[in-house]
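Structure at a glance
Residues per chain, in single letters:
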Amino acid sequence: MGEFCAGLLARPMVISQAGSDAILPADVKPLLKVLAQVGLATLMFVIGYEIDGSLLRGRDRATLGLTAGPVFIPLASGIALTVPLAGR
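What you see is a predicted model, and the numbers here were worked out from it, not measured in a lab.

Criteria and cut-off values
- Residues numbered from 1 in each chain as written.
- Predicted model: local features only at pLDDT ≥ 70, side-chain atom pairs only at ≥ 80, totals over all residues.
- Heavy atoms only, no water.
- Helix = DSSP H or I, 4+ residues; strand = E, 2+ residues; numbered from the N terminus.
- Rg over C-alpha atoms; globule rule 2.2 N^0.38 Å.
- Buried < 20%, exposed > 50% of the residue type's maximum accessible area, 1.4 Å probe, protein only.
- Areas by Shrake-Rupley, 256 points an atom, 1.4 Å probe, with all protein chains shown as cover.
- Lys, Arg positive; Asp, Glu negative; His and termini not counted.
- Charge placed at Lys NZ, Arg CZ, Asp CG, Glu CD.
- Phe/Tyr/Trp six-rings, centres within 6.5 Å; stacked < 30°, edge-to-face > 60°.
- Patch = residues over 30% accessible without salt bridge, like charges linked within 9 Å, V, L, I, M, F, W, Y side chains within 5 Å.
- Salt bridge = Lys/Arg side-chain N within 4 Å of Asp/Glu carboxyl O.
- Expected span 1.5 Å × (residues − 1).
- Bend = angle between axes of the 7 residues up to and from the residue.
- pLDDT = per-residue confidence, 0-100.

1. Topic: the overall build of the protein chain
- A tally of regular secondary structure across the protein chain gives five helices and zero strands.
- Listed N to C, the secondary structure of the protein chain is α-α-α-α-α in terms of helices and strands.
- The C-alpha radius of gyration computed for the protein chain amounts to 20 Å, which surpasses the reference 12 Å derived for 88 residues by more than 25%, pointing to a less compact arrangement than a globule.
- With the C-alpha coordinates aligned to their principal axes, the bounding extent of the protein chain is approximately 50 × 50 × 20 Å.
- Burial status across the protein chain gives 3% buried among its 88 residues.
- Working note: accessible area of the protein chain is about 7800 Å², and carbon and sulfur atoms make up 72% of it.
- Treating the 7 positive side-chain charges of the protein chain as one cloud and the 6 negative ones as another, the clouds have centres 13 Å apart.

Here it is as C-alpha cells:
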C-alpha cells in the first residue's frame, strides 16, 4: 500500500516536473512505465482469478449493470459532446 501511495505522490500533478526529474531520472521513466503496465495487468489478472463466480450467479442484472455501465456511460457522454462540436 505504501508503494501505491508513493507512486501516486510521485505524479506530475502532485509535484512539479523538476521535482519529478530529481526523483526519477529521465532514462528510468520509460522502463518504469513498462513495469507499471505489467504490474497493472498482473493485478487485473489476480483480481479476475480470485472472483468467486458463485457470488455472481443469480444476479444477472446487477452484474450486467456493473460491467456495462463503465463502458456505455463514457461512450454516451462522448457521443453527446461530439454532436454539438461536429460543426466546428
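Back to the write-up after that little detour.
2. What to know about the packing of aromatic side chains
- The full count for this structure, using the stated rule, is one aromatic pair.
- Between F45 and Y49, the aromatic rings sit 6.2 Å apart at their centres with planes inclined by 15 degrees, giving stacked as the arrangement. Of this pair, F45 and Y49 both sit in helix α3 (residues 29-50), four residues apart, which is roughly one turn of that helix.
- In this structure F45 comes out as exposed when scored by relative accessible area, which is 60%.

3. Examining the environment of V34
- With respect to the helices and strands, V34 occurs in helix α3.
- Distance in space between the C-alpha atoms of V34 and A76 is 31 Å, their sequence separation being 42 residues.

4. Re a nonpolar patch on the surface
- On the surface, a nonpolar cluster with roughly 650 Å² of combined accessible area is contributed by L40, L43, M44, I47, I51, L55 and L56.
- Mapped by element, the contributors of at least two residues to the nonpolar patch are α3 and α4 (53-56).
- Ranked by residues supplied to the nonpolar patch, first place goes to α3 with four residues.
- Tracing the backbone shows I47 in helix α3.

5. Observations regarding helix α5 (residues 60-85)
- Taking 1.5 Å of rise per residue, 26 residues should cover 38 Å, and α5 covers 37 Å from first to last C-alpha, within 8% of that figure.
- Of all bends in α5, the biggest is about 45 degrees, found at G69, and the proline P70 comes one to four residues later.

6. Notes on the confidence of the model for the protein chain
- Averaged over every residue, the pLDDT of the protein chain is 82; the share at 70 or more is 95%.
- For the protein chain, the element scoring lowest by mean pLDDT is helix α1 (residues 2-9), at 73; α3 scores highest, at 88.

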